[in-house]
Amino acid sequence: MKVFLNPGHDRTYDSGACHWSGTREADIAWLIGCKVQEYLEAAGVETMIMQSDNLCGWDCDREDRPKAVCKTSDNWEADLFVSIHCNAFNQEAKGTEVEYISAAGAKAAQCIQDQIVDALGTVDRGIKVRRDLMVLKHTDAVAVLVECAFIDNDEDHEKLVNRTDEFAAVIARGITDYELTL
């Protein structure tokens, strides 16, 4: 199985959501994504990682931007596309949710959701169909978007900052759980 990892947003152009302390979603997503890649490769899973706010190509045509995430995943012929994010809302909402668009995506989403909630004790917000997300709609691979926890909630923020390696390990475990279902 070939797994394409997409840590959400972009550390240069679009940092995503932020905590009042200055912690940025793009930085946390990148750290988690790199560790997921390490765990998956140690387990013998072929991976590629790319972080960019250029998702599909038509949203940014500047020459200095990297190639589009979805097109890169498709050209690499990924079997599973995993986008990693931190949620944000009102500083009170907390928990983990994994979003998907297809039946196979639901299976992968549930495997990852179960691992995060069980291991890290985050609030279980469930898996959710999201037909509006570009990385789910415009990727040929089975695709999921992982909202690890709420970066704007102090309790979740603490987990995101101090348990980054644990998030990565359980996301990788959820991916390998999904692989076993194939």
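The rules we used
Residues numbered from 1 in each chain as written. Predicted model: local features only at pLDDT ≥ 70, side-chain atom pairs only at ≥ 80, totals over all residues. Heavy atoms only, no water. UniProt positions renumbered as here; feature names shortened; annotations may be inferred. Helix = DSSP H or I, 4+ residues; strand = E, 2+ residues; numbered from the N terminus. Salt bridge = Lys/Arg side-chain N within 4 Å of Asp/Glu carboxyl O. Buried < 20%, exposed > 50% of the residue type's maximum accessible area, 1.4 Å probe, protein only. Patch = residues over 30% accessible without salt bridge, like charges linked within 9 Å, V, L, I, M, F, W, Y side chains within 5 Å. Areas by Shrake-Rupley, 256 points an atom, 1.4 Å probe, with all protein chains shown as cover. Lys, Arg positive; Asp, Glu negative; His and termini not counted. Charge placed at Lys NZ, Arg CZ, Asp CG, Glu CD. Core = buried A, V, L, I, M, F, W, Y, C linked by side-chain atoms within 4.5 Å. Contact = heavy atoms within 4.5 Å. Pairing = 2+ DSSP bridges. Axes fitted to C-alpha atoms, helices over the stretch in contact; angles between N-to-C directions. Right-handed = clockwise from strand over helix to strand, strands pointing away.

The name an unreviewed UniProt entry assigns to the chain is Putative N-acetylmuramoyl-L-alanine amidase, from the organism Selenomonas ruminantium subsp. lactilytica.

Before going further, it helps to spend a moment on the UniProt feature "domain: MurNAc-LAA" (unreviewed entry) in the chain. UniProt marks residues 70-176 with the feature "domain: MurNAc-LAA" (unreviewed entry), using the numbering shown here. Annotation note: span residues 70-176, helix share 48%, strand share 26%, distance between end C-alpha atoms 22 Å.

What follows covers the pattern of salt bridges. On inspection of all chains with the given rule, the structure shows nine salt bridges. Its salt-bridge partner being glutamate 97, residue lysine 128 comes within 3.1 Å of it at the nearest N-O pair. Separated by 31 residues along the polypeptide, lysine 128 in strand β5 (residues 124-129) and glutamate 97 in strand β4 (residues 96-100) bring together distant segments of the chain. Using a relative accessible area of 5% as the deciding quantity, one classes glutamate 97 as buried.

With that settled, the discussion passes to a negative patch on the surface. Negative charge collects at one region of the surface, where Glu41, Glu46, Glu77 and Asp79 lie side by side. Inspection of the secondary structure assignment puts aspartate 79 in the loop between α2 (69-76) and β3 (80-87).

The biggest cluster of nonpolar side chains holds 36 residues, and the ones touching the most others in it are Ile32, Val36, Val82, Val144, Val146, Ile171 and Ile175. Elements supplying a minimum of two residues to this core: β1 (2-7), α1 (25-42), β3, β4, α3 (103-120), β6 (142-150) and α6 (164-181). Dropping the residues within four chain positions of it, valine 36 is found in contact with Leu5, Ile84, Ala168, Ile171, Ala172 and Ile175. Counting 13 residues, the second largest nonpolar core, distinct from the first, contains Met50, Cys70, Ala78 and Phe81.

Reading across the sheet, the six strands line up as β2-β1-β3-β6-β4-β5 and stay open at both edges, with mixed pairing between neighbours. Lying at the two open borders of the sheet, with one neighbouring strand each, are β2 (46-49) and β5. With strand direction ignored, the average angle separating the axes of adjacent strands in the sheet is 20 degrees. Relative to β6, β4 runs antiparallel, the two being bridged by four bridges.

This part covers the pairing of β1. Most of β1 is tucked away: six of the six residues are buried. Side chains of β1 alternate between two faces, with Lys2, Phe4 and Asn6 and Val3, Leu5 and Pro7 buried alike. As judged from the four bridges shared by β1 and β2, these two strands associate in the parallel manner. In the sheet register, leucine 5 faces β2, and the bridge partner there is isoleucine 49. Taking the sense of rotation as the criterion, the β-α-β connection linking β1, α1 and β2 turns out right-handed. Pairing analysis gives five bridges linking β1 to β3, with the strands arranged parallel. Directly across from asparagine 6, in β3, lies its bridge partner serine 83.

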